[in-house]
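Structural overview
So you can see what is in the structure, the chains are spelled out below.
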There are 2 protein chains.
Amino acid sequence: MNTVEGWEKKIRRVIPYVAGEQPKTEGVIKLNTNECPYPPGMGVKAALREFDYENLRLYPDMDAGALVDALATYYGVRPGQVFVGVGSDDVLALSFMAFFHGEKPILFPDITYSFYDVWAEVFRIPWETCPLDGEFRIRKEDYLRPNGGIIIPNPNAPTGIFEEISTLEEIVRANPDSVVIIDEAYVDFGGESMLPLLEKYGNLMVVQTFSKSRAMAGMRIGFAIGNEKLIGYLKDVKFSFNSYTMNMPALAAGVAAIKDDAYFKETVEKIIRTREWTKGQLARLGFHVTDSRSNFLFATHKEIPAAEIFQALKREQIYVRHWDRPRISNYLRITVGTDQQMEILVETLAKYIKEREYD
Amino acid sequence: MNTVEGWEKKIRRVIPYVAGEQPKTEGVIKLNTNECPYPPGMGVKAALREFDYENLRLYPDMDAGALVDALATYYGVRPGQVFVGVGSDDVLALSFMAFFHGEKPILFPDITYSFYDVWAEVFRIPWETCPLDGEFRIRKEDYLRPNGGIIIPNPNAPTGIFEEISTLEEIVRANPDSVVIIDEAYVDFGGESMLPLLEKYGNLMVVQTFSKSRAMAGMRIGFAIGNEKLIGYLKDVKFSFNSYTMNMPALAAGVAAIKDDAYFKETVEKIIRTREWTKGQLARLGFHVTDSRSNFLFATHKEIPAAEIFQALKREQIYVRHWDRPRISNYLRITVGTDQQMEILVETLAKYIKEREYD
C-alpha cells in the first residue's frame with residue numbers, strides 16, 4: 001500500500017513544525033501557546049464593525065500602506081523600513097529565504113523557538129546551534145565565527161530570558177557580513193528593543209508580532225523593521241512569493257490596534273503584574289522559575305518531573321507546554337493568563353503536589 | 001553611495017512579480033486586475049458582522065477545519081484532499097516549493113500567468129516554456145518530454161482560452177513521474193474543472209481561488225484539491241513555513257461564501273452575460289477577441305496598436321492591462337465589469353476610434 005509513486009521523487013520532504021495543541025473542548029484553561037488573556041482594544045472592534053464587506057471584491061493594498069505607515073509613525077522610522085506579514089512566522093520564513101542565502105551555516109541558540117531549524121531545513125540552509133550556558137544565557141563568543149547569518153530571539157523562548165542589548169550589539173557589530181535578526185516577539189513584556197540601533201547597523205533587522213502583546217494572534221500580523229536597503233531585499237522575495245498577503249480586515253484591525261496605545265500598555269502591564277505574582281507562587285511551591293521578561297514562565301520543579309506535572313495539569317483541563325527535548329525536558333512553559341486563571345493554576349498545582357507527597 | 005555591503009553577498013536576489021496597478025483615485029473604472037464587479041453575498045456580510053473580535057486573542061484553527069470541510073462537502077471530496085492558503089498565489093508558491101524539487105526543468109506555456117517564472121526563479125527551479133500555437137492553444141506534444149513538473153492554467157491567462165480537459169488529461173496521464181498542477185483560477189466562468197479526474201491520477205492537483213468568481217480578492221483565499229498523499233506533502237511544506245496562515249475573518253467569511261451557492265451562480269452568470277455582450281461590441285469596433293471562458297477579454301485591434309488604446313483608455317480613467325511582451329504586446333486584457341462599466345468602455349472606445357480616423 002505504501003508504494004512510492006514516480007512523482008514523489010520530486011517532492012521536497014520536510015518535517016514540519018508542530019505548534020502547541022489547540023484543544024477544542026470548552027472550559028479548558030489554555031496556557032500553552034502564549035496567547036494574550038485579554039481581547040484586543042475597542043478600536044479593533046470598531047474597525048471590524050465599520051469594515052465594508054463590499055470592498056472585499058477588490059484586491060487589498062499590496063503595500064499594506066496604512067499599516068506600514070501606522071507602524072512607522074509609532075516606532076519613529078521611515079515607512080520604507082517596515083515590512084509586514086501574516087504573523088511573525090511569515091516575516092521570519094521570508095527573511096530566512098531572503099537573507100540566509102550564503103554557504104556557511106546560520107547560527108542560533110540550541111534552546112530557542114523551534115521553528116528556526118524547520119525553516120533552515122525547508123529552505124536547505126545549513127545551520128548550527130550555539131549552546132546556551134547552564135543558566136540559559138547566550139555565550140557571545142559563539143557568534144563571533146564565520147557564519148551565513150544569525151537569528152536570536154530576545155527575550156528568548158521558551159526560557160523567557162532577556163539578554164542585555166549591549167551583548168547583542170557586539171554580535172551585530174562583529175558580523176557586518178551577515179544579516180542578524182533579533183526576534184522580539186516578546187519584547188513588550190519587559191525587554192528592551194534593538195530598534196534604536198538600526199541607524200547604526202545596516203545588517204540588523206528586528207521582528208515583532210501582534211500575536212502576543214497586541215492580543216491579535218487570530219488576525220495574523222507580524223512585522224520587521226530594518227534599514228531600507230535590507231527591507232527592500234525582503235520585499236523583493238515577498239513579491240516573488242505572494243503579492244497580496246495581508247487581507248483587508250487584518251490591515252484595518254492592525255491600524256486600529258497600533259493607534260490604541262493606552263489599551264496596549266495597560267494590557268501589557270496587567271500581564272507583567274500577573275506574571276510576577278505567579279512567579280512568586282510557583283517558587284513557594286518548589287519551582288525554580290527563570291527571570292522571564294515575556295508573557296510566559298519557564299519553570300522546573302525541584303522534585304517532580306515536568307512530564308508528570310504536565311499530565312496532571314492536563315487532567316484538570318489546564319494546558320501548558322512541555323517538550324521532550326534535551327536540556328529542557330524537565331521544564332514547563334506556562335503562558336501568563338488572567339489573574340483568575342493563574343490562581344486556579346496555583347491551587348491545582350498546590351493540591352497536586354500535596355497529594356503526591358502523601359501517595 | 002551604491003556600495004555593496006558584506007551582508008548583501010548572502011542575499012537571495014530576485015526580480016519580483018509586478019501586479020496590475022491599483023489606482024487610488026476615485027472614479028476610476030478598474031478593469032485591470034480581474035476583480036469581480038459585484039460584492040460577495042450577504043452571507044459573507046453576516047459572517048463578518050457576527051464575528052466576535054474577542055476571539056482574535058487566540059490563534060486561528062491552523063488546519064482551517066471549517067473552511068476545508070465546507071470546500072470538501074461542496075466539491076464532493078474528502079477533507080484530507082483540500083489545502084487552503086492566502087490566495088491561490090500562496091497555494092501555488094508553496095506547491096512550487098513542495099512539488100517541483102526535481103532536477104529537470106518544469107514546463108508551462110510561454111504565454112501564461114506571469115508569476116510562474118517568478119516562483120521558479122525564487123525557488124531556484126529550472127524551467128522552460130512551451131510556446132502556444134498561433135491561436136494561443138497548448139501543443140500537447142510539448143509536455144510529453146522529461147520534466148520536473150508541469151503547470152498549466154485552464155482557462156489560460158491572459159488569453160482566456162479553455163483547453164478541453166481530454167487534452168490536459170493526456171498530459172497528466174503521460175507524466176506519472178511529475179506533479180501536474182492545473183490552475184483553475186477562472187474555471188467558474190465557463191470552463192470545466194479537472195476535479196472529477198483526481199481519483200484517477202495521483203499526480204494531478206487542481207488550484208482555485210475565491211478572488212474572482214467568489215468576489216473576495218480582498219480576503220485572500222485560495223485552495224488546492226488533490227489526492228491525500230499529495231496534499232499531505234504540501235501541508236508538510238506549509239507547516240514548515242507558517243503554521244497559521246488563514247486568519248479568523250478569512251475562515252469565517254470563506255465558509256459563508258461557499259454556503260451561499262445561489263448568489264455565487266447568479267454572479268457568475270451575470271459576468272458571463274456581460275462578457276458575451278462586450279465581446280460582440282468589441283468585434284463591431286474592429287477588435288479580434290479570443291473565445292474567453294474567464295472574467296476577462298483578450299483583445300487586439302485590427303489597426304490601432306494596443307499600447308495606444310491602453311493610454312487612451314487610461315486618460316479617460318479606464319484601466320485595462322497591457323504587457324509589453326513578445327507575442328502579446330498588441331493585446332489588451334480587459335476585466336469584465338458591470339454592464340454600465342462595459343457600456344462606458346465601449347462608448348469610450350467607439351469615440352476614440354472615430355476621432356482617430358479623422359485625425
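We now turn to the structure provided with this report. (Residues numbered from 1 in each chain as written. Chains lettered and ligands numbered in written order. Predicted model: local features only at pLDDT ≥ 70, side-chain atom pairs only at ≥ 80, totals over all residues. Heavy atoms only, no water.)

1. Digging into the relation of the copies chain B and chain A
Take chain B, turn it by 180°, move it 0.0 Å along the axis, and it overlays chain A with an RMSD of 0.0 Å. Look at the turn and shift together and you get a two-fold axis relating the two. Proximity to the rotation axis, assessed at the C-alpha, singles out B:Arg49 in chain B; its C-alpha lies 3.2 Å from the axis. Comparing interface residues between copies, 100% of those in chain B also lie at the interface in chain A; the contact surface is shared. (Least-squares fit on C-alpha atoms with pLDDT ≥ 70 in both. Contact = heavy atoms within 4.5 Å.)

2. Things to note about the sheet that holds strand E12 (residues 332-335) of chain A
All names here are of chain A. Reading across the sheet, the three strands line up as E9-E10-E12 and stay open at both edges, with antiparallel pairing between neighbours. At either margin of the open sheet sits one strand with a lone partner, and together these are strand E9 (287-289) and E12. Taking each pair of neighbouring strands and ignoring which way they run, the sheet shows an average axis angle of 35°. Judged from the four bridges that link them, strand E10 (residues 296-301) and E12 form a sheet pairing that is antiparallel. Across the sheet, leucine 297 pairs through a bridge with isoleucine 334, a residue of E12. (Pairing = 2+ DSSP bridges. Helix = DSSP H or I, 4+ residues; strand = E, 2+ residues; numbered from the N terminus. Axes fitted to C-alpha atoms, helices over the stretch in contact; angles between N-to-C directions.)

3. Structural notes on the pairing of E10(A)
All names here are of chain A. The buried fraction of E10 is high, at six of six residues. The two faces of E10 match: Phe296, Phe298 and Thr300 on one face and Leu297, Ala299 and His301 on the other face are all buried. The pairing of E9 with E10 spans three bridges and is classified as antiparallel. Counterpart to valine 289 in the pairing with E10 is alanine 299. Here E9 folds back onto E10, and the loop between the two strands holds six residues. (Buried < 20%, exposed > 50% of the residue type's maximum accessible area, 1.4 Å probe, protein only.)

4. Here's the deal with the packing of helix H1 (residues 42-50) of chain A against helix H7 (residues 248-259) of chain A
Residues and elements named next belong to chain A. In contact at an axis separation of 8 Å, H1 and H7 are set at 150° when each is read in the N-to-C sense. Compared by their axis directions, H1 and H7 come out roughly antiparallel. Relative to H7, the crossing made by H1 is right-handed. Of the residues in H7, those in contact with Gly43, Val44, Ala47 and Leu48 of H1 are Pro249, Ala252, Ala253, Ala256 and Ala257. (Parallel < 35°, antiparallel > 145°, perpendicular 65-115°, else oblique. Left-handed = near helix turned anticlockwise from the far one by under 90°.)

5. A closer look at the sheet that holds strand E10 (residues 296-301) of chain B
Residues and elements named next belong to chain B. Spatially, three strands are ordered E9-E10-E12 in an open sheet, and the strand pairing comes out antiparallel. Two strands bound the open sheet, and with one partner strand each, they are strand E9 (287-289) and strand E12 (332-335). Across the sheet, the mean angle separating the axes of adjacent strands is 35° when strand polarity is ignored. Across the face of the sheet, helix H10 (residues 339-358) comes into contact with E9, E10 and E12 while running at roughly 145° to E12.

6. Describing the interface of chain B and chain A
At the junction of the two partners, chain B supplies 90 residues and chain A supplies 90 residues. Linking chain B to chain A there are four salt bridges. Linking chain B with chain A are 55 residue pairs in polar contact (both at pLDDT 80 or more). For the side of chain B that touches chain A, the secondary-structure elements that each account for two or more residues are helix H1 (42-50), helix H3 (87-99), helix H4 (116-122), helix H6 (228-238) and helix H7 (248-259) of chain B. Residues belonging to the side of chain B that touches chain A are distributed by class as follows: 50 nonpolar, 21 polar and 19 charged. (Salt bridge = Lys/Arg side-chain N within 4 Å of Asp/Glu carboxyl O. Polar contact = N/O pair within 3.5 Å; in protein donor to acceptor, adjacent residues only side chain to side chain. Nonpolar A, V, L, I, M, F, W, Y, C, P; charged D, E, K, R; others polar.)

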